Amino acid sequence: MKILVIGSGGREHALLWKLSQSSRVTQLLCAPGNAGTAGIATNHPVAAIDLQGLADLAKAEQVDLTIVGPDDPLAAGIIDLFHQQGLRVFGPVAAAALLEASKSFAKDFMVRHGIPTAGSVTFSDSSAALIHCRSAVYPLVVKADGLALGKGVVIAHSPTEAETAIREIMVEKIFGDAGNTVVIEEFLTGPECSLHALIDNKNYILFPDAKDHKRALDGDQGLNTGGMGTISPSRVVDDAMRQRLAREVLEPFVKGLAADGLPFQGMLFPGLMMTPNGPKVLEFNCRFGDPETQSLMRRLKSDLLDLIEATIDGTLADARPEWDQRVAVCVVLASGGYPGPIEKGKVITGIEKASADPDVVVFHAGTAHKEGHVVTNGGRVLGVTALGSTLEEARQKAYAAADKIAFEGKQLRRDIGA
Ligand code: AMP
Ligand code: GLY
């Protein structure tokens, strides 16, 4: 089979790496890809949001199956467009991807179907939101309704901070139309964890849990990022909690789909907080997480293509994926200044040396080829992933490998999984 993966991050490199191990895959393509995907797939310079350009590419290359990585093309309706044009594709249609693209839509869905989440109120009028904040309990959380590159969430400790957030989001529109509506929700506490489950409308397959490290600096300090590293398992979910999450989140989710007549074929990635009052869903993502996927693909022993096809064909009930029982750690190497402005084009050395340990795989994110070198080309540059029989061993291997890689401004957290 000829497979096209859309996107250019560590997630897409990890998916391609796993797909390249399938005996049924004959050729891999990536659009637009990075220097790492170029090693296992043919990169095509079509942007992930150029929906018709991607459909044309899939037709011209006679691609058998397209897998969509990022959220934007899903929200923009790439799945609907591919279906209209008779192309086989993995991911939820736009009506279902709204569960990620609109936090108020997701909240309504969770409330309607009894999925535990933070109490919240939705406002489309900034004056009403401001009045609400005058008499609210603090801290509280202000969220832009739409996609805002993970930056649309503000934890406000006072009415003044809430007011500033509401003005920036709803009046100054710093996230554009994503801020037409805000969700103001109860502040929760507890460890966070990322769940991933493939869903074929009716059935789901729950992946092992993972934990992201969203802040830029050690000790969960600094700004929120796309994710500076992951571990899997997360260490916050035991077997009993896993069963509870299946019962309280996944089962009502698929029942809710049926009740609402909403189709969902793809990956559901709920972000959770394990509060003193039980697990609560912070958000739904309708795609593979990044860098979660880098850790998860290192642990998947079964054929990823089988699972993807079972999701599209509605046969997940028969799927029994096998997982490596070892621990996976992914340490992200980012450009200096990330998540703020960064400089690109810095020469990267040491990737081969870092990959010498058979337990280590280096996934590329913001990288490109330039004049015979691999150079930096984005905020998150590489994901150094290691497997170990213990978390400590996996950490030690990941950091030993990460230290062999050099580029100007290299930035990483030292406490992934600590
Ligand atoms: P989200 O994009 O909704 O997952 O939010 C991004 C981050 O903001 C989460 O990973 C949490 O760390 C934090 N967050 C979101 N919602 C809440 C909440 N209700 N209470 C406390 N922290 C939250
Ligand atoms: N790592 C968080 C995300 O993919 O949204």
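Shown above is the structure to which this text applies.
Residues numbered from 1 in each chain as written. Chains lettered and ligands numbered in written order. Predicted model: local features only at pLDDT ≥ 70, side-chain atom pairs only at ≥ 80, totals over all residues. Heavy atoms only, no water.

*Asks:* Before we go on, may I ask you to explain the overall build of the chain in this structure?
*Replies:* Within the chain one finds 13 helices and 23 strands. Taken against the 2.2 N^0.38 rule, which gives 22 Å for 418 residues, the C-alpha radius of gyration of the chain at 21 Å falls within 12% of a compact globule. Referenced to the eigenvectors of the C-alpha coordinate spread, the extents of the chain come out at roughly 60 × 45 × 45 Å. For the chain, buried positions account for 57% of its 418 residues. Here the analysis covers contacts within the chain between residues at least 6 apart in sequence; of these, 69% occur between residues at least 24 apart. Just so you have it, the chain exposes about 16,700 Å², and 50% of that area is on carbon and sulfur atoms. (Helix = DSSP H or I, 4+ residues; strand = E, 2+ residues; numbered from the N terminus. Rg over C-alpha atoms; globule rule 2.2 N^0.38 Å. Buried < 20%, exposed > 50% of the residue type's maximum accessible area, 1.4 Å probe, protein only. Contact = heavy atoms within 4.5 Å. Areas by Shrake-Rupley, 256 points an atom, 1.4 Å probe, with all protein chains shown as cover.)

*Asks:* Would you explain a nonpolar patch on the surface in this entry?
*Replies:* Where nonpolar side chains cluster on the molecular surface, the patch consists of Val-153, Ile-155 and Phe-187 and spans about 210 Å² of accessible area. Of note, Val-153 is situated in strand β8 (residues 153-156). For Val-153, a relative accessible area of 34% translates into the label partly exposed. (Patch = residues over 30% accessible without salt bridge, like charges linked within 9 Å, V, L, I, M, F, W, Y side chains within 5 Å. Salt bridge = Lys/Arg side-chain N within 4 Å of Asp/Glu carboxyl O.)

*Asks:* Help me understand the site of ligand 2 in this model?
*Replies:* Around ligand 2 lies a shell formed by Asp-212, Gly-226, Phe-269, Arg-287, Gly-289, Asp-290, Pro-291 and Glu-292. One of the backbone nitrogen or oxygen atoms of Gly-226 is found 3.2 Å away from a nitrogen atom of ligand 2. Between ligand 2 and the protein, one listed contact pairs a nitrogen atom with a backbone N or O atom of Asp-290 at 2.8 Å. Within the complex, the protein chains bury 89% of what would otherwise be the 200 Å² of accessible surface of ligand 2. Grouping the constituent residues of the shell around ligand 2 by class yields two nonpolar, two polar and four charged. (Near = heavy atom within 4 Å. Polar contact = N/O pair within 3.5 Å; in protein donor to acceptor, adjacent residues only side chain to side chain. Nonpolar A, V, L, I, M, F, W, Y, C, P; charged D, E, K, R; others polar.)

*Asks:* Quick question: what am I supposed to make of helix α7 (residues 126-134) here?
*Replies:* Spacing of three or four residues puts side chains on the same side of an α-helix, whose turn is 3.6 residues. Buried within α7 are the following residues: Ala-129, Leu-130 and Cys-133. Projection of α7 onto a plane perpendicular to its axis shows the buried side chains occupying an angular sector of 100°, all on one side. Opposite its buried face, α7 presents the exposed residues Ile-131 and Arg-134, each directed more than 90 degrees away. Packing partners of the buried residues in α7 comprise β6 (120-123), α8 (159-171) and β9 (182-186). (Arc of directions from axis to C-beta.)

*Asks:* What's the story with the nonpolar core in this structure? I'm lost.
*Replies:* In globular proteins that are soluble, nonpolar side chains generally tend to be buried together. Counting 49 residues, the largest nonpolar core has Ile-78, Leu-99, Phe-253, Phe-264 and Phe-284 as the members making the most contacts within it. The element best represented in this core is helix α9 (residues 239-260), accounting for seven residues. If we ignore the near neighbours within four places in the chain, the residues touching Leu-99 are Phe-105, Ala-106, Phe-109, Phe-253, Leu-262, Phe-264, Phe-284 and Cys-286. The next biggest cluster of nonpolar side chains, apart from the first, holds 33 residues, and it includes Ala-14, Phe-90, Leu-198 and Ile-312. (Core = buried A, V, L, I, M, F, W, Y, C linked by side-chain atoms within 4.5 Å.)

*Asks:* Could you clarify how one ought to interpret the pairing of strand β17 (residues 265-275) in this entry?
*Replies:* It is a general feature of regular strands that their side chains alternate between the two faces of the sheet. A large share of β17 lies buried, amounting to ten of its eleven residues. In this structure, strand β10 (residues 192-194) lies alongside β17, joined through three bridges in antiparallel fashion. Residue Ser-194 lies in a different strand from β17, and its bridge partner there is Gly-271. Direction of pairing for strand β11 (residues 197-200) relative to β17: antiparallel, over a ladder of four bridges. By the bridge assignment for β17, Ala-197 is matched with Leu-268. Of the pairings in the sheet, the one linking β17 to strand β18 (residues 278-285) comprises seven bridges and is antiparallel in character. Counted as the bridge partner of Phe-269 is Asn-285 from β18. Two successive antiparallel strands, β17 and β18, enclose a turn made up of two residues. (Pairing = 2+ DSSP bridges.)

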